[in-house]
Amino acid sequence: SDSDSGGTGSDSGGDEGSNSIESGSSGPSTVTAEGSSTVYPISNRGSSYWNSNSPASDGEYWGSNDESSVAGWDQIETDQNIADYFASLYGFETTGERSNPPFATRVALSHSGTGCEAVRDGLVDIGNSSGPITAELDISEEQRDENYVDHVVGRDGQPVFVSQAIYDAGVEQLTGEQIRGIYQGDITNWSEVGGPDREIFVVGRAEGSGTDTSFRLNMLGDADAPMDVDSRFGQNQQVQQVLQDNDNAIGYMALAFSGSGIQAIGIEFEGTLFEPDADAENTIFDSEYPLNRDLHMYTRINEDTPEGTDMREAAFLNMFLTEFGQQTFVEDVNYITLPTSDIEAEREKLPDQA
Amino acid sequence: MSLTPQTDWRASIERRLTRTQKFIDDTDPEALAVVLVSMGSLLAAFVGFLLASPWTAVPLGTFLIATGYGWARHQALVARAVTFAMTTVTLVTLGLIVVFIFAESIPAFQYETASVFGVSVPGLGMFTQARWDAVSEPVRYSLLPMIHGTVMVTTIATLVAAPLGVAAALFIAEIAPPRVRELVKPGIEVLAGIPSIVYGFIGFTVINPWAGGAFALNGGSTYLFVGIVVGLMALPTVVSVAEDALTSVPSVMKDGSLALGATDWQSMTSITLPAAFSGVSAAVLLGVGRAIGETMAATVMLAGVPRISEPLVNVFYGYETLTSLIARGYGSANGVHESALFAAGVVLFVTVLCLSLGSQYIEARMRRRLGGVE
Amino acid sequence: MSQTDTAETTANRTDGQEVSTTAGETVEETRSEWTDYEAGGETKLAVEDLDVHYGDDHALKGVSIDIPEESVTALIGPSGCGKSTFLRCLNRMNDRIRAANVDGMVELDGEDIYQDGVDLVELRKRVGMVFQSPNPFPKSIRENVSYGPRKHGDIQTGLLARLTGRAEPDREEALVERSLERAALWGEVNNRLDDNALGLSGGQQQRLCIARCLAVDPEVILMDEPASALDPIATSKIEDLIEDLAQDYTVVVVTHSMQQAARVSDQTAVFLTGGELVEYDDTEKIFENPESQRVEDYISGKFG
Amino acid sequence: MSQTDTAETTANRTDGQEVSTTAGETVEETRSEWTDYEAGGETKLAVEDLDVHYGDDHALKGVSIDIPEESVTALIGPSGCGKSTFLRCLNRMNDRIRAANVDGMVELDGEDIYQDGVDLVELRKRVGMVFQSPNPFPKSIRENVSYGPRKHGDIQTGLLARLTGRAEPDREEALVERSLERAALWGEVNNRLDDNALGLSGGQQQRLCIARCLAVDPEVILMDEPASALDPIATSKIEDLIEDLAQDYTVVVVTHSMQQAARVSDQTAVFLTGGELVEYDDTEKIFENPESQRVEDYISGKFG
Amino acid sequence: MSRATQTALIQDDRTVYEAAAGTAVGLSGVTFAVGLAALLGLVAIDAPVAGLELSVVFGALLLALGTSVAGFGAASRFGYVDAAPQPSAGIVAAAAFTGIWFIVGAIVSGAVGLGTGGRLGVGIVLGGIAFATTALPREDIGSTVPAGAVAGLCGLSLITGVVGPGWKQVLVGYNATLFGDTVVPLVVLFASLVSGWSAAKAYGGFGARGRNVGAYVLIYLVVCSILAVLIGLVAFVTVKGLPGLFNGFGVGGATLVSWPFLTNGAGLLADIAGVFPALVGTVWLVIGAVLFAVPTGVGAAVFLSEYAEQGRFTGAVEVATNGLWSTPSIVFGLFGAAFLIPRFGNQKSLIAGMLTLGFMLLPLVLITSREAILSVPDDYRDASAALGVSKWQTIRSVVLPAAIPGVTTGVILGVGRIAGETAPILLTMGGGVLPAKSAAPNVLGSFQLSGSPPFVSNPALLEATSALPYQLYALITAGLSGNIQNPQEYAWGLALTLLLVVLIFYAIGITTRYYFRRKLHQ
Ligand SMILES: Nc1ncnc2c1ncn2[C@@H]1O[C@H](COP(=O)(O)OP(=O)(O)OP(=O)(O)O)[C@@H](O)[C@H]1O
Ligand SMILES: Nc1ncnc2c1ncn2[C@@H]1O[C@H](COP(=O)(O)OP(=O)(O)OP(=O)(O)O)[C@@H](O)[C@H]1O
Ligand SMILES: [Mg+2]
Ligand SMILES: [Mg+2]
Ligand SMILES: O=P([O-])([O-])[O-]
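As the structure is a prediction and not an experimental result, all values here were calculated from the model.

Here we take up the overall build of chain A. Assigned secondary structure in chain A consists of 15 helices and 13 strands. Taken across its 354 residues, chain A has 60% of its residues classed as buried. Partitioning the contacts of chain A with sequence separation of at least 6, the portion at a separation of at least 24 is 72%. Carbon and sulfur atoms make up 39% of the accessible area of chain A, which amounts to about 13000 Å² in all.

In structure tokens, the structure reads:
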């Protein structure tokens, strides 16, 4: 746990990681990703692990303090460093050096829409999106299949949160109808839904974000459905902060951003109450929950990569599609892991391993 | 009658031609060649860059080599040519800004064509309706809500910055004892340097939550506090420009007033302020320009929904300004939506340019008037 | 101020001089020659042992002088000798120069103007000043002249005064006319009182500044090279005016032209480089038979 | 320039005068009195019918004058009469003033300096100038003196020169010393040649400017009131220097002090307001027995 | 001309009166300061002071101030002291009090429950009375009684608790509620300003001198509060940011000083997350902008002031320069996005950011350099020309060296300004939210030559790169995920770092200017 801090640990040259970036002509180039703030925790964490290229003995970075308890270890069992291992599966030369992966990865943060555009325009290798690319780019499913490969790496329950004060005042659950009413401007006071006599501060995510698109799609019925909110914020974290700062707010976010001072509420759809508590009968973690959504990493099909995914991308994506990856990068950041069958199906989309 | 200007024109061209001819005759032919090559390749490099040609490096290299050689051999002439080229950069920049942001905004203007008296005017729809919605039908890009927001923020900021700024400028220029002056003046100048994002950070993490509680607001975003923060930001600009204007009033005028037994305050209000009026109002105009163009504080403090507050003058709402619309939306927007952001930029640019021209005009007039005194 | 007072002041001055004698030989030597000079008329301004420093720069050295009422006193000397500095001490305009540091005593009608609590506004109403280069305000001629009285509340103008009937346009009119007439400018400007004063010629501007000063009705008028920026015709008008003013006012005038001093003044004080007052006497005496060799050299143009 | 040339020039001048006679009566009247004056020595600078306008303002009116070699010529006259303007015509410094418009002829050793193709840089090397207020560059004393030669490439300095062995520090040293000595400054500054020149006193700065000018080795030195900003001691040093310089150089000096003109010059030209040259003659003659009444009035201090 | 009676230079019969008025001024100042503290939440308005709530104490103070102020007026009016009041307080004061009392009337009647018409009516009546009281009587009454009444009324409402802790008023239709916590301090600030002004006038004995003192008191209060707010702002950021900035700071050890916040990235492997990549990004950004703008700006300034004839061309350049100077930074961002990004690989990049900021810096450099060059005395140019030195050599050896101080100052101040700009780089340069150390651009090491156009390339310049202001913005909007232990501390540390970087530039710039001015004046 000391290697990035300049003078200590490994030499600073290795630290830079830029060795591999510069060597564009000699080695494989950096894998770049861009987009969704919802997917960001997953892909950024994965990228950090990748770039650290820690040895297997460094349990902390492999998901545990103890080698034997590393999630999915039975499938892996390697002495190699993390990036070396996953890269070697696709035929890349290993470096064996900490902080010097066979090729680097870099993840930028914006919105799903931006990520989809970036992958469309070939500016990045991977486009992160929390909404379907069809809705983000307004394209048909055929166009999607023709041009993109959709890698689903995890799922989000997209809960609806309210300020602690509202929750404490008794608003512990709402119906889908009520939420729709709130978000379309028909309900403006908490007393109309059994809360205190306070105006409702309706918080939304920025237009163009996957969270917003999915919310419109899944809650309001159409990706272009009209909304009437009091405030929109760029990323999930900002919504979280604002919900904490106000005592009369409601907002939707990704699961990963729950925190103190805000409370997820149960939502009733057609008689079924989906609760945020994982132990309840129906929960927002269930795939039946209407707001439940896939988290995508799209790659582009073009002449160079008719299959859509080149070896570098595959090596990186494959890391998420292991039990280890699901545990470390999805569950640990509070998202919902994919069932084993889905993992298998996703791995099918990748090119064959070397 | 019509002949005279033309002949004038012709004569002036002729004069210029003979002068050029003479210059060419007088100049060392090698120097002339070097300068021609250097300037020509610079022009070519610029054109290449405009066309985004990968070959731009070639003329650029030629320029560097020719200029380097010329610098060693014919420094005076090359220096003159190069500094001239540099002088044109500001003009070219302004031109490019105009061309590029206007060009990008054309689709939005076309999209928002509205007709008045049967004549369809592109862009009119941006100013005649109140709806901005880039997602759901009907998709409309009206700038009115943002113009309203900008006006609110700017007004409040001006109410803060103008009187306080002028008072502080008077203080520094006329009232403060030398010691205090030497501390306060640089102090206020340094404050001009506080980055707007730092103000924004404080605004978002401290002021907004506080305001939300202290006024039981629905959310914490208000034009009131954005305006105050922006006013604080514009304050140093107003202070230093106004202070310059006040100190540039010849001290003999103040002396004249004092020697007649007028008090300091009377001398300030009857002599100094009126004499520096143009400079002071230019300072306020510049402050207004700063406030209009201020982006980051507004972006992080405002709610980010294009809406007009009700009633119109309600300062306890804070929705969106032209600047925050651009900063927030750029990147995720595309197509006409993105073009509409450029349209917002055009409105900003034109407004501030007009303010700048206005203040320059006022200052030029003052200089002429004060010039008459001397 | 009674004669006794004057005597007392003179005595004081002599004291002061004795004190300064210890400071340096030259001072004593040059001063003893004229110490006994007592100008005719009552003393209006009594300056005693005045020292001025600009920072470390000693600009005036122990100057003592009695300036009599209703006469013209000229101050001459080479450039930089401290004439302007001395003049500005008399109405405390030096207070506006931060580096300036004044020691000594200046009495106006027997009251020390440098003691604590002196009201500068009041002082400057009584001791007016006209500057080297004309500095009219960028207002109309009328407003220039009535500026002082307006500010002192002697004349009420403005909307409110007019509404409440307190405005006295006639009185203002009369005052403006009287002042301009006194400054020999009325005839030239009476038909354009509302024009901007900056449109006047240099000589007219300077007379306007004098009129502006007269409108406040001061007792003493200080003039710092009032004609230096003017052409010969304007200069001679100003000179006539100065002589004229001396009938009612105490006039102190700095000039760089010895001819001018000789023409207009009753008594002349000669300062020499270094800030010493070298000789003070009747003007005739100074120009015809100065006591000090240095003054004679200076006047005959041996240097400067 | 041979004697014949001079004669020719004089003839020309008379022609010029006849032309200008048509311009106005005064000009003719005043000029006829002294037209025949021919200074001793060979003519260095011949000025013929020189007219200068600043925009519409006619600052010099048909001035013709021959300035002899290796002597001091003084120009006197009231303020604004065009002395500086005239002086600046002699090395075409007026070209730097946009409004200035020069007509007429000025010959340096018989060559017209206003003809096309004259190299100003070359001209100004031959006709040096010293300004009214000392204006040393904010550099070291040494650099000030060697500035001209360095820029003309007469002395090589700088890294490159040193590396290639072209630098001649000894020659520079010698030049600086010679120039400063000639300007009577060497003794005062020889131990601090690397100090900033702005740290010198006014008089020293002015002599430094003269040294700077001498370092270029001009033939003519123009001085525009070189002592007006100085105290008497510095002034007398400069005056000595001027007399001294006249042994090798042609010196033209503008002064506002008639005493100074009388002290230092061999011949004196008197300009009067309006830009006319009223009289030009041996200095003694001018001060003792001027031909023109106006000059006499001026010299006896009747105006100005 | 009749000689006016001599007035004494010193008035000595007013000392007690002056002392009382002076005390009132001081008391107003103290009240104002405490009021400001209460507004900023430094003291609570229900804090006990001598057994009373602070707001009641405020009330008592204001009431006392109000009555004494009116008393000063009366004392002067009835001739107990020898003041010099003018016949009227003047139109400005009259207008101000009319406005104040109109609003007071409207508010009070609104609180009593009158409708819009009633409010307007009461307001107009009170405003009218205030106008008459201010304008018509002599100045000593006119400028004290209405002011005293305002302060007294405010004081009474605070004492009686009509407005006080726990008070609230819903602004119907305005989305807001006023609470005592904010209104009481505001009332106190306002009333103490008014009474302070009025007492100051009394102190000055009314008339010209009184107005002078009154205006000075107002200006001093205003300037002090501006300074207090602005200094408080910097202090606040400093206090909040220090823990983050010095997190893990140590002296000694392998490296002489270890300052992880400045030398670490925010990657997974960092023990203590730092801002190194953004810092490096900012440094490169500034270097790039300076390399572009400074030669260009100085060159243009040289051409404009030394070569060009004043005419249409120079006029146009001047107008364009001033126009560019005031162009909003976001517009530069748009321009960079539309013009530069397509020409540098179609993505946000360091070089696009550099050039965009360079365009912003250019007018500033040009304006200051031009001023600096123009302020080089013509004496130097004349002297050099008279020595037969050519124009360009004169520029090079005399003009430019003499102008360097001014140019340097301008450049430093300009750099300070652009170093803190966010909006343009938001659109042109982007970069990561929490970049790891490896994301720091390595510009020098990345130059590559190739055989095909464009022959020279530098991937580091063509990549999106973070910079301090952008990272702060990204943190606000994107929030703090990743593995940072104390996100708030990190963000404030970042804000402080940015503030310090910029303020250091400013401090250096201003110090240089002072230094050179000093030198010039010697
Ligand atoms: N504001 C000032 N700060 C510092 N020194 C000053 C200032 N004003 C004058 N001095 C110095 O005080 C001395 C006397 O100056 P003063 O202006 O009184 O001379 P003067 O006799 O009026 O000269 P002149 O005839 O040139 O007007 C000079 O040495 C001058 O440099
Ligand atoms: N740069 C200029 N632009 C316009 N007019 C000028 C300029 N320089 C001088 N003049 C005018 O030309 C006339 C002669 O000026 P000049 O400076 O030659 O006089 P001078 O004899 O040197 O006076 P002084 O003794 O005051 O130096 C004056 O009327 C002056 O106003
Ligand atoms: Mg003086
Ligand atoms: Mg002159
Ligand atoms: O995942 P998003 O940030 O696009 O909502």
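Bringing the site of ligand 2 into the picture now. Residues and elements named next belong to chain D. For ligand 2, the full set of nearby residues is Tyr54, Asp57, Ala59, Ser79, Gly80, Cys81, Gly82, Lys83, Ser84, Thr85, Ile97 and Glu225. Alone, ligand 2 offers 630 Å² of accessible surface; in the complex the protein occludes 63% of this. For the shell around ligand 2, the element with the most residues is helix α3 (residues 83-90), which contributes three residues. Residue classes in the shell around ligand 2 are distributed as four nonpolar, five polar and three charged.

Moving on, we come to the interface of chain E and chain B. If you look at the interface, chain E gives 93 residues, while chain B gives 94 residues. On the surface where chain E and chain B come into contact, there are zero salt bridges. At the junction of chain E with chain B, the criterion picks out nine residue pairs in polar contact (both at pLDDT 80 or more). The element best represented in the side of chain E that touches chain B is helix α8 (residues 207-245) of chain E, accounting for 18 residues.

On to the environment of Ala301 of chain E. All names here are of chain E. Relative to the assigned elements, Ala301 resides in helix α10 (residues 276-307). Spatially, the C-alpha atoms of Ala301 and Arg370 are 4.7 Å apart, while their sequence positions differ by 69 residues. Ignoring any residue separated from it by four or fewer positions in sequence, one finds Ala301 in contact with Leu366, Ser369, Arg370 and Ile373.

Further remarks concern a nonpolar patch on the surface. On the surface, Leu242, Phe246, Phe249, Val251, Leu256 and Val257 of chain E cluster together into a nonpolar patch covering about 570 Å² of accessible area. Structurally, Leu242 of chain E is set in helix α8.

Right, let's get into the packing of helix α8 (residues 196-214) of chain B against helix α9 (residues 223-247) of chain B. Residues and elements named next belong to chain B. It is the contact of α8 with α9, at a shortest axis distance of 11 Å, that shows an interaxial angle of 150°. The pairing of α8 with α9 is recorded here as roughly antiparallel in orientation. The element α8 and its partner α9 pack so that their crossing is right-handed. Within the contact between the two elements, α8 uses Ser196, Tyr199, Ile207, Trp210 and Ala211 and α9 uses Phe225, Val229, Leu232 and Met233. Grouping the constituent residues of the contact of α8 with α9 by class yields eight nonpolar, one polar and no charged.

Another aspect to go through is the domain arrangement of chain E. Accessible area lost when the parts come together is the quantity often used to give the size of an interface. Each domain of chain E was delimited in the assignment, giving domain 1 (16-89 + 137-236) and domain 2 (266-521). Taken over C-alpha atoms, the centre of domain 1 of chain E sits 47 Å from the centre of domain 2 of chain E.

A few words now on helix α14 (residues 323-330) of chain A. All names here are of chain A. Among the eight residues of α14, six are classified as buried, and the element is accordingly described as predominantly covered. When we look at burial in α14, the residues that qualify are Phe324, Gly325, Gln326, Thr328, Phe329 and Val330. Where the residues of α14 are buried, they touch α3 (40-52), α4 (73-76), α5 (82-88), β4 (148-156), α13 (311-320) and α15 (340-348).

Tallying the contact residues gives 18 residues for chain E and 24 residues for chain D. If you sort the residues of chain E by the area they bury against chain D, Tyr380, Ala386 and Leu387 of chain E come out on top, with a joint share of 33%. Between chain E and chain D we count one salt bridge in total. Where Asp382 of chain E meets Arg96 of chain D, a salt bridge forms, and the shortest distance between an N and an O atom there is 2.9 Å. Counting every contact that joins chain E to chain D gives seven residue pairs in polar contact (both at pLDDT 80 or more).

This brings us to the sheet that holds strand β12 (residues 272-274) of chain A. All names here are of chain A. Reading across from one edge, β6-β11-β12 is the order of the three strands in this open sheet, with mixed pairing throughout. The two strands at the open ends of the sheet, each matched to only one other strand, are β6 (173-175) and β12. On average, each strand axis in the sheet is inclined to that of its neighbour by 25°, with strand direction left out of account. Of the strands in this sheet, β6 and β11 (266-269) touch helix α10 (residues 176-183), which is tilted by about 85° from β6.

So, about the pattern of salt bridges. The full count for this structure, using the stated rule, is 66 salt bridges over all chains. With a closest N to O distance of 2.7 Å, Arg142 of chain C and Glu173 of chain C form a salt bridge. Placement of the pair is Arg142 of chain C in helix α5 (residues 141-151) and Glu173 of chain C in helix α7 (residues 169-182), with a sequence separation of 31 residues. A single salt-bridge network, built from bridges that share partners, covers Lys44, Asp109, Glu111, Arg126 and Glu219 of chain D.

How each quantity is defined
- Residues numbered from 1 in each chain as written.
- Chains lettered and ligands numbered in written order.
- Predicted model: local features only at pLDDT ≥ 70, side-chain atom pairs only at ≥ 80, totals over all residues.
- Heavy atoms only, no water.
- Helix = DSSP H or I, 4+ residues; strand = E, 2+ residues; numbered from the N terminus.
- Buried < 20%, exposed > 50% of the residue type's maximum accessible area, 1.4 Å probe, protein only.
- Contact = heavy atoms within 4.5 Å.
- Areas by Shrake-Rupley, 256 points an atom, 1.4 Å probe, with all protein chains shown as cover.
- Near = heavy atom within 4 Å.
- Nonpolar A, V, L, I, M, F, W, Y, C, P; charged D, E, K, R; others polar.
- Salt bridge = Lys/Arg side-chain N within 4 Å of Asp/Glu carboxyl O.
- Polar contact = N/O pair within 3.5 Å; in protein donor to acceptor, adjacent residues only side chain to side chain.
- Patch = residues over 30% accessible without salt bridge, like charges linked within 9 Å, V, L, I, M, F, W, Y side chains within 5 Å.
- Axes fitted to C-alpha atoms, helices over the stretch in contact; angles between N-to-C directions.
- Parallel < 35°, antiparallel > 145°, perpendicular 65-115°, else oblique.
- Left-handed = near helix turned anticlockwise from the far one by under 90°.
- Domains from an automatic or database assignment.
- Buried area = accessible area lost by both parts, 1.4 Å probe.
- Pairing = 2+ DSSP bridges.

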